[in-house]
Amino acid sequence: MEGQTAEKRVLVVGGAGYIGSHTCKLLKRRGFAPIVFDSLVTGYEENVRWGPFVRGDLADRPAIDRALREFAPSAVIHFAAFSLVGESVTDPGKYYRNNVVGSLNLLEAMRDAGVKDLVFSSTCATYGVPRTIPIPETHEQLPINPYGASKMMMERMMSDFAAAHGLRFVTLRYFNAAGGDPEAEIGERHEPETHLIPLVLDAARGKRPQVTVFGDDYETPDGTCIRDYIHVDDLADAHLRALDYLRNGGTANAFNLGNGKGYSIREVIRVAERVTGLNIPAVIGARRAGDPPVLVGDASLARRALGWVPEYADLDVIVAHAWAFRRRLA
């Protein structure tokens, strides 16, 4: 990568995915050189626009070694993981094999290559059913599904590698990623789609007959689950701030990333109807295994330590950006 110093080169594992691609775009805009390492199992090659692409899987340790050797990055941002809560309950082996064993391969490859700085994409699912709302980072971690458990295992592995090998890391536990690139160049899409906002918007544009609300008998004001939605560009910004934090001598830490405000599923549907001007049909389904009733985060530590303040905190704006991208899809 001519003209780029090692300090500016960042290996983005899972960089062809939703949050990873938005982070790559921001890295490039701020003078970094992102190198994407992605298997394309859930990512899209057309999302790789801001630097070199290495197609590889974390299950393939030699492929990670080659990427680190060829590009000699100064840091790694790790997004690659399976992330469907329901699927993790029915197929836990898939999640432990990919999320835990794959991450161990990455940590050992970084150790052997002498790459010390790591920003890790974790999740509020490590907390399980919250005992306090909003959830602070000091909340006990008691995940209730294999997805959350797999992420918590990676957090433990990083701590152990820090003690044994001098790894410097930041864990970012974020709540519900949502929205899209304000320029509508990239955005959220999954196969199959399971995230609420794109499902709601697909119902609005007639790509599905309705949206299913999984349970309306929770102990919440309107009976539906409440979640804290955070714009994907704000998540990307937090990852860059975490890199700066490490490079400025910050100690290993975990930070929640959320807006600190929860919206119920019914509220999200109403906002989407307001943004799109369209009626969105909804039906009530059974609860999903592993879904806590309320997940809202306390992100005050990230604000203090990283100087991170969400730019797109308003749910109408988040949905509007998602809608602009969704309308571009077939």
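Residues numbered from 1 in each chain as written. Predicted model: local features only at pLDDT ≥ 70, side-chain atom pairs only at ≥ 80, totals over all residues. Heavy atoms only, no water.

Q: Kindly report on helix 1 (residues 18-29), identifying the contributing residues and their values.
A: Every α-helical turn comprises 3.6 residues, leaving residues that sit three or four positions apart pointing alike. The end-to-end C-alpha separation of helix 1 is 17 Å, in line with the 16 Å expected for 12 residues at 1.5 Å each. Across the 12 residues of helix 1, 10 count as buried, placing the element largely inside the fold. Within helix 1, the full set of buried residues consists of Tyr18, Ile19, Gly20, Ser21, His22, Thr23, Cys24, Lys25, Leu26 and Leu27. Those residues of helix 1 that are buried lie in contact with strand 1 (9-13), strand 2 (33-38), strand 4 (75-78), strand 6 (168-174), strand 7 (176-178) and helix 7 (232-247). Immediately downstream of helix 1, the backbone of Gly31 shows phi near 90°, a positive value. (Helix = DSSP H or I, 4+ residues; strand = E, 2+ residues; numbered from the N terminus. Expected span 1.5 Å × (residues − 1). Buried < 20%, exposed > 50% of the residue type's maximum accessible area, 1.4 Å probe, protein only. Contact = heavy atoms within 4.5 Å.)

Q: Any chance you could break down unusual backbone geometry for me, citing the residues and the numbers?
A: Note that the residue after Ile133, namely Pro134, is joined by a cis bond; omega there is 0°. Following Glu191, the chain continues to Pro192 via a peptide bond in cis, the omega torsion being -5°. Looking at the secondary structure, you find Pro192 in the loop between strand 7 and helix 6 (196-204). In this model, Leu40 sits at a positive phi of 65°, which is unusual for a non-glycine residue. Tracing the chain through its elements places Leu40 in the loop between strand 2 and strand 3 (53-55). For Leu40, a relative accessible area of 17% gives the class buried.

Q: Requested: an account of the packing of aromatic side chains, with residues and values cited.
A: Each aromatic ring pair is specified by the distance between its two centres and by the angle formed by the two planes. Summed over the entire model, instances satisfying the criterion amount to 2 aromatic pairs. With 5.6 Å between their ring centres and 90° between their planes, Tyr245 and Phe255 make a pair best called edge-to-face. Linking Tyr245 in helix 7 with Phe255 in strand 11 (residues 253-257), this pair joins segments that are 10 residues apart in sequence. Take Tyr245 and Phe255: they sit in the same class, and that class is buried. Lying over the aromatic face of Phe32, Lys8 brings its terminal NZ or CZ to 4.5 Å of the ring centre. (Phe/Tyr/Trp six-rings, centres within 6.5 Å; stacked < 30°, edge-to-face > 60°. Lys NZ or Arg CZ within 6 Å of the ring centre and 35° of its normal.)

Q: Any details on the sheet that holds strand 12 (residues 263-264)? Residues and values, ideally.
A: If you trace the 3 strands from one edge of the open sheet to the other, you get 12-9-14, paired in mixed fashion. Strands with a single pairing partner mark the edges of an open sheet, and in this sheet they are strand 12 and strand 14 (294-295). (Pairing = 2+ DSSP bridges.)

Q: Tell me about the sheet that holds strand 1, and name the residues and values.
A: Spatially, 3-2-1-4-5-6-11 is the arrangement adopted by the 7 strands of the open sheet, whose pairing is parallel. If you trace the sheet from one side to the other, it starts and ends with strand 3 and strand 11, each paired once. On average, each strand axis in the sheet is tilted by 20° relative to the strand beside it, whichever way the strands run. Its contacts with the sheet put helix 5 (residues 146-165) on strand 4, strand 5 (117-123) and strand 6, and the angle it makes with strand 5 is roughly 155°. (Axes fitted to C-alpha atoms, helices over the stretch in contact; angles between N-to-C directions.)

Q: Account for the nonpolar core, naming residues and giving values.
A: If you look at soluble globular proteins, the nonpolar side chains tend to sit buried side by side. One finds Ile19, Leu27, Leu172, Leu257 and Trp308 to be the most contacted residues of the largest nonpolar core, which totals 38 residues. Leu27 has contacts with Val10, Val12, Phe32, Pro34, Ile77, Leu240 and Leu243, leaving out every residue within four places of it along the chain. One finds Ala67, Leu107, Met158 and Phe169 within the second-largest nonpolar core, a separate group that totals 26 residues. (Core = buried A, V, L, I, M, F, W, Y, C linked by side-chain atoms within 4.5 Å.)

Q: So what's going on with the packing of helix 6 against helix 10 (residues 315-326)? Which residues, and what values?
A: To describe two helices that pack against each other, one gives the angle between their axes and the distance between the axes. Remark: helix 6 packs on helix 10, axes separated minimally by 10 Å, with the N-to-C direction vectors making an angle of 60°. Between helix 6 and helix 10, the angle is such that the two are oblique. Handedness of the crossing formed by helix 6 with helix 10: right-handed. Every residue of helix 10 that contacts helix 6 at Ile197, Pro198, Leu201, Asp202 and Ala204 is listed here: Leu315, Ile318, Val319, Ala322, Trp323 and Arg326. Along the lines of polarity and charge, the residues of the contact of helix 6 with helix 10 split into 9 nonpolar, no polar and 2 charged. (Parallel < 35°, antiparallel > 145°, perpendicular 65-115°, else oblique. Left-handed = near helix turned anticlockwise from the far one by under 90°. Nonpolar A, V, L, I, M, F, W, Y, C, P; charged D, E, K, R; others polar.)

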